Structures are given as C-alpha cells and as structure tokens.
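# Architecture and fold: a report
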Amino acid sequence: MKYKVIGGIIAAVFLVGVVCSVLVLTAQPKSTVRIVSDGETLYAIDLRTAKDTTFDIVYGGHVNTVEIKDSQIRVKAADCPDQTCVKMGWLKSSTMPIVCLPHRMVIEFTGDTADVDALTR
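So, here is what we can say about the structure in this document. Every chain begins its residue count from 1, and numbering advances along the sequence as written. Only residues with pLDDT of at least 70 are given local features in this predicted model, and only at 80 or more are side-chain atom pairs given and counted; all residues enter the totals for whole chains, interfaces and linings. Side-chain metrics in this entry use all non-hydrogen atoms of the structure; hydrogen atoms and water are not considered.

Along the chain, the regular secondary structure elements total two helices and seven strands. Counting from the N terminus, the helices are the DSSP runs of H or I reaching at least four residues and the strands are the DSSP runs of E reaching at least two. For the chain, the sequential pattern of α-helices and β-strands runs α-β-β-β-β-β-α-β-β. A separation of at least 24 residues holds for 35% of the contacts in the chain among residues at least 6 apart in sequence. Only heavy atoms enter the contact rule, under which two residues are in contact if any of them lie within 4.5 Å.

This is the structure we're talking about:
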C-alpha cells in the first residue's frame, strides 16, 4: 500500500514535469527587446523587423556598443572593467537579460502582448 502511494506521487510529478516542458518548449519566442539605462527605457526594438545595425549607449561618459544582427542583439563592446555584458553574448532568454552593472544598462526581452508566460499564454 505504501509503495503504491509513493509510486503514484512519483508518476504525478513526472507527468506534470512532462506537460510543463512541452508547454515551455512550444511557446512562441519573444522578439521585442527593451534597452534600459539607469531605470529609463531608451529603446524598444522588435528584432523581427530591425535592420542590422550597431549603435552606442552612453552613460556617465562610458560607452556600450550594442549590435543587432540577424534578428539577435548583444553588447559588442564596452569600456567597463569586467566585460561581463560582452561575455554574455547574444540575448537568448527572457530569464537571463544582458546586464552591465557599472553602466547601469539592461537589455531584456519584453512580452509581445501583455507579458504572458508559457503556461497561461
């Protein structure tokens, strides 16, 4: 009897995991990003329609060079000491934004509609 209950719980947890994985993997990718500097939104860009370009974001005399190429975005160069934002590469996930703490800049995906997650769509 005890093993049936434990087996049922394990099966239920496994089933929920499979269902959630399918929902997350089939979710439509986000394509709208926003670039925030010191809490102020500087740009909101739809990567699907954005042309390949490079531009600078200046904060307190410091510069971050942002590149948009092939519907992706990244920090190409920065004059901050740790270069973490450059090392992060292309923005891939809405859970992991590109952040440059010394320059107070964030590049993150935003919801195309109303910030709906994969489960509620």
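The term salt bridge refers to a pairing of a side-chain nitrogen on Lys or Arg with a carboxyl oxygen on Asp or Glu at a separation within 4 Å. Taken as a whole and judged by the stated rule, the model has four salt bridges. Of the charged contacts in the structure, one is a salt bridge between Asp38 and Arg104, with a shortest N-O distance of 3.4 Å. Placement of Asp38 in the loop between strand 1 (32-37) and strand 2 (40-46) and of Arg104 in the loop between strand 6 (98-100) and strand 7 (105-110) is noted, with a sequence separation of 66 residues between them. Relative accessibility thresholds used throughout: buried, under 20% of the residue-type maximum; exposed, over 50%; partly exposed, between the two (1.4 Å probe, protein chains only). A relative accessible area of 48% means that Arg104 is categorised as partly exposed. Among the ionic pairs, Asp46 bridges to Arg48, the shortest N-O distance being 3.4 Å. By relative accessible area, Asp46 is classed as partly exposed at 25%. By relative accessible area, which is 58% here, Arg48 ends up exposed.

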